Amino acid sequence: MASIDRASRERLLAAIGDDRLSGFEALGRLETPPLPPEGPSAEASLYPALHRLEADGQLEAAWLPNASGTVRRRYGRRRR
Amino acid sequence: MDSVALAVLVGVVVALLFWLVRARRRGGAAEARPLGAGDRLPSEADEFLAAVDRNLGLHSEARAEVHAELADHLRDSIEAIEAEGLDRDRATREALARLGRPEELARQLREAHHTTRRLLAGAAGGVFQTGFGFVGGWFIGTVLVMLGLLAGTVLLNGLLKPVVDFLAAHLPSVSTDADDLATNSAYAGLAVCVAVFTAARQGVRAFSRYSQRPVRSVAPWWALTGALALAYLVLFVVTANQSWLTVLIELAIPVSFAAGALVKGKAGFRIPWARLGVAAMALTLIAVPALLIASSVSGAGQMSGGWSIDGLMRDYDRVAPQWEANTPAMETGGGGGCCYGIVFEDVGLDAAYVAQFHDIRFEAWRAVPWSGAPDWAEQYTVDPAFSGPYATAPANIAGSLTSQLDLRHTRTTRWLIFLTGIGPDGHRYRLIGPDQARSVFSGTVWDWLTAGS
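Conventions and cut-offs
- Residues numbered from 1 in each chain as written.
- Chains lettered and ligands numbered in written order.
- Predicted model: local features only at pLDDT ≥ 70, side-chain atom pairs only at ≥ 80, totals over all residues.
- Heavy atoms only, no water.
- Buried < 20%, exposed > 50% of the residue type's maximum accessible area, 1.4 Å probe, protein only.
- Helix = DSSP H or I, 4+ residues; strand = E, 2+ residues; numbered from the N terminus.
- Pairing = 2+ DSSP bridges.
- 1 Å grid on protein atoms, 1.4 Å probe; cavity = no way out; pocket = protein on both sides within 12 Å on 5 of 7 lines; lining within 4 Å.
- Points joined across faces, edges and corners; volume = space filled by probe spheres on them.
- Nonpolar A, V, L, I, M, F, W, Y, C, P; charged D, E, K, R; others polar.
- Patch = residues over 30% accessible without salt bridge, like charges linked within 9 Å, V, L, I, M, F, W, Y side chains within 5 Å.
- Areas by Shrake-Rupley, 256 points an atom, 1.4 Å probe, with all protein chains shown as cover.
- Salt bridge = Lys/Arg side-chain N within 4 Å of Asp/Glu carboxyl O.
- Lys, Arg positive; Asp, Glu negative; His and termini not counted.
- Charge placed at Lys NZ, Arg CZ, Asp CG, Glu CD.
- Polar contact = N/O pair within 3.5 Å; in protein donor to acceptor, adjacent residues only side chain to side chain.
- Contact = heavy atoms within 4.5 Å.
- Buried area = accessible area lost by both parts, 1.4 Å probe.
- Core = buried A, V, L, I, M, F, W, Y, C linked by side-chain atoms within 4.5 Å.
- Axes fitted to C-alpha atoms, helices over the stretch in contact; angles between N-to-C directions.
- pLDDT = per-residue confidence, 0-100.

Undergrad: How would you sum up the pairing of strand β3 (residues 71–77) of chain A? Please name residues and give values.
TA: Residues and elements named next belong to chain A. Among the seven residues that make up β3, five are buried, leaving the element largely enclosed by the rest of the structure. Alignment of strand β1 (residues 21–22) against β3, held across two bridges, turns out to be antiparallel. Bridged to serine 22 within β3 is arginine 74. Judged from the seven bridges that link them, strand β2 (residues 59–65) and β3 form a sheet pairing that is antiparallel.

Listed below in structure tokens is the structure:
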């Protein structure tokens, strides 16, 4: 399911914090799997969760470079 | 010798290039560096992404973004796993395994995108864009109709005039009269056809973009809903002057909307103003001299030739015999006015003359062009297919004889209005008339389809 529980959502939002991270970078910050794994690993549900949070307006995404210039689709908390 | 040297030189250059290309290919294949940003993904990863893409069911922009994001993720993931000591193939398989089955990933991503909020936004955006598309399409349609009119006028009055004359002579029952065809409604209907096509095209793409659903999945619903709504409006709500031509065009409006929603193509649509302008100028340059020449040629003998009204007067006896050979002079003038089917009659007759009759009434009889007069004379006779009047209205006798007849709800467009009354001998007589009148059917398409002649 693409809907995620409150705890998983909070963990994912906490991992992103105030930074702008790609999905892969956010995954590296998670000490525990971000969501109850429904596929072979937590990565399988990472992007559906990120896209759901973006659709719900809690995250916003843009194609941005990091310090080394690598452009990725990066997520950050939506500024209200 | 020079040619031999040139041949050798060319051969050496070709051989050198061949060697360089092969060396580059060998070097490329042998190189095993970590996968960097922008590098091509291994074919297994490409197949995985293609499988996700096939099952996503999102708007094309969202699909492209998901594809790029997952490709970047796989590059980062493969690079990280390679750094742990695995070779490229195993790292690729591991990275793909962590993302799970592509069909399941695509399904979850689709559900994440297909929120109720986006669906509502899509519907609102689609409706809004449909309105914009309609306005733009109306302008395009109007310009196209005007260009078509110019082109049609040039063709029909110039190049195709012999053909038109031949058809008119051999198909007398087909009326090309502008009033019979309700051409103003027809032109407006054509412009609306273009407008709804553009509106549907833009609306369905806006709906797809905002709701993040693919065009192919929303287009059929958009087409069905819009076409049904338009069909209802056209059939039962919108009132206009009607003819078979306008009815056909109006029934094409929902079809045009459905076609606009379902037609494939790029989302963007630019109005080719420059081309339309050039076409308009070119047509004008051709049309004006052609019409001037056509009118000077055709007008030469148009009004010539004599004809007598005697035969026509005899036809009127089918309505009722004339009371007297000479109707007394009218006191206040007479006649009627016709505003597309509402006929106002106001006849002033000598009071003593009127007093001889009772049940004085105006009668509207269906008429057809009288063959005894040339077309330009526009003389009608009573339609032999009908034995009685279409409508009658008692004359109000208050100074003059007045009445009103509404003739807009029948397909007949030509009328003869008679004033009749029952004389002292108990028989009905024609007292005055007829007035010739024209009408245009006014109503919905359904009214037209269910109306009689």
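Still more to cover.
Undergrad: Explain empty space enclosed by the protein to me, using residue names and the numbers behind them.
TA: For the structure on display, the rule yields one cavity of 30 Å³ or more. Among the elements of the structure, α2 (23–29) and β3 of chain A together with α3 (60–83) of chain B are those that each provide at least two residues to the lining of the largest cavity. Here the lining of the largest cavity gets four residues from one element, more than from any other, and that element is α3 of chain B. Of the residues assigned to the lining of the largest cavity, the class counts are two nonpolar, three polar and five charged.

Undergrad: Could you give me a rundown of a negative patch on the surface, with the residues and numbers involved?
TA: All names here are of chain B. On the surface, a cluster of negative charge is contributed by Glu44, Glu47, Asp87 and Asp89. Take glutamate 47: it is sitting in helix α2 (residues 43–56). By relative accessible area, glutamate 47 is classed as exposed at 54%.

Undergrad: Please give an account of unusual backbone geometry that cites residues and values.
TA: Even without a glycine there, the phi angle at glutamine 212 of chain B is positive, about 65°. Along the chain, glutamine 212 of chain B turns up in the loop between α9 (183–211) and α10 (215–237).

Undergrad: Residues and numbers for the side chain of arginine 438 of chain B, please.
TA: Along the polypeptide, arginine 438 of chain B turns up in strand β10 (residues 428–438). At 3.4 Å, the side chain of arginine 438 of chain B and the backbone oxygen of threonine 413 of chain B are in polar contact.

Undergrad: I'd like a rundown of the environment of arginine 118 of chain B, residues and numbers included.
TA: With respect to the secondary-structure elements, arginine 118 of chain B resides in helix α6 (residues 116–159). Judged by relative accessible area, arginine 118 of chain B falls into the buried class, the value being 14%. Each C-alpha atom, one on arginine 118 of chain B and one on glutamine 212 of chain B, is 7.3 Å from the other, the two residues being 94 residues apart in sequence. Sequence-distant contacts of arginine 118 of chain B, that is, excluding residues within four places in its chain, are made with Ala55 of chain A together with Ala112, His113, Tyr210, Ser211 and Gln212 of chain B.

Undergrad: Which residues make up the interface of chain A and chain B, and what are the values?
TA: Between chain A and chain B, the contact holds 23 residues from the first and 26 residues from the second. Between chain A and chain B lies a buried interface of about 2,200 Å² when both sides are counted; carbon and sulfur atoms form 53% of it. Contact with chain B buries surface across chain A, with Phe24, Tyr47 and Arg72 of chain A losing the most and accounting together for 28% of the total. Summed over the shared surface of chain A and chain B, the number is five salt bridges. A salt bridge links arginine 72 of chain A to aspartate 76 of chain B, with the nearest nitrogen and oxygen atoms 2.8 Å apart. At the surface where chain A touches chain B, the tally comes to twelve residue pairs in polar contact (both at pLDDT 80 or more). Elements represented by at least two residues in the side of chain A that touches chain B include exactly α2, α3 (43–55) and β3 of chain A. A per-element tally of the side of chain A that touches chain B places α3 of chain A first, with eight residues. Tallied by class, the residues present in the side of chain A that touches chain B amount to twelve nonpolar, five polar and six charged.

Undergrad: Account for the nonpolar core, with residues named and values stated.
TA: Membership of the largest hydrophobic core comes to 36 residues, with the highest contact counts inside it found for Leu50 of chain A together with Phe48, Leu70 and Leu74 of chain B. Elements represented by at least two residues in this core include exactly α1 (6–16), α2 and α3 of chain A together with α2, α3, α4 (88–99) and α5 (102–113) of chain B. Looking at which element gives the most residues to this core, the answer is α3 of chain B, with seven residues. Filtering out sequence-adjacent residues up to four positions away, leucine 74 of chain B remains in contact with Leu41, Ala45, Phe48, Leu49, Ala95, Leu96 and Leu99 of chain B. In this structure, Ala219, Ala227, Leu230 and Phe257 of chain B belong to the second largest nonpolar core, which totals 25 residues.

Undergrad: Outline the sheet that holds β1 of chain A, supporting the account with residue identities and numerical values.
TA: Strand order across the open sheet formed by three strands is β1-β3-β2 (chain A), with antiparallel pairing between neighbours. Of all the strands in the sheet, just β1 and β2 of chain A have a single pairing partner and so form its edges. α3 of chain A rests against β2 and β3 of chain A of the sheet, and its axis sits at about 55° to β3 of chain A. Contacts from α3 of chain B reach β2 and β3 of chain A, with the element oriented near 105° to β3 of chain A.

Undergrad: Please provide a residue-by-residue account of the confidence of the model for chain A, values included.
TA: For chain A, the mean per-residue pLDDT works out to 81, and 80% of the residues sit at or above 70. Across chain A, element-level confidence peaks in β3 of chain A with a mean pLDDT of 94 and bottoms out in α1 of chain A with 84.

Undergrad: How would you explain the pairing of strand β8 (residues 400–406) of chain B if you had to name every residue and give the values?
TA: Residue and element names in this part refer to chain B. Sheet analysis places strand β7 (residues 396–398) next to β8, joined by three bridges and oriented antiparallel. By the bridge assignment, alanine 398 is partnered in β8 with serine 400. Hairpin remark: β7 followed by β8, antiparallel, with one residue in the connecting loop; positive phi at glycine 399, about 85°.

Undergrad: Summarise the pattern of salt bridges; cite the residues concerned and give the values.
TA: Residue and element names in this part refer to chain B. For the coordinates displayed, the defined rule picks out 22 salt bridges over all chains. One salt bridge in this structure joins arginine 75 and aspartate 72, with 3.0 Å as the shortest N-O distance. Of this pair, arginine 75 and aspartate 72 both sit in helix α3, three residues apart, which is roughly one turn of the helix. The pair arginine 75 / aspartate 72 is uniform in exposure class, with both members buried. Close ionic contact of arginine 88 with glutamate 82 constitutes a salt bridge, the shortest N to O distance being 2.9 Å. The class for arginine 88 is partly exposed, based on a relative accessible area of 26%. The exposure class of glutamate 82 is buried, given its relative accessible area of 16%.

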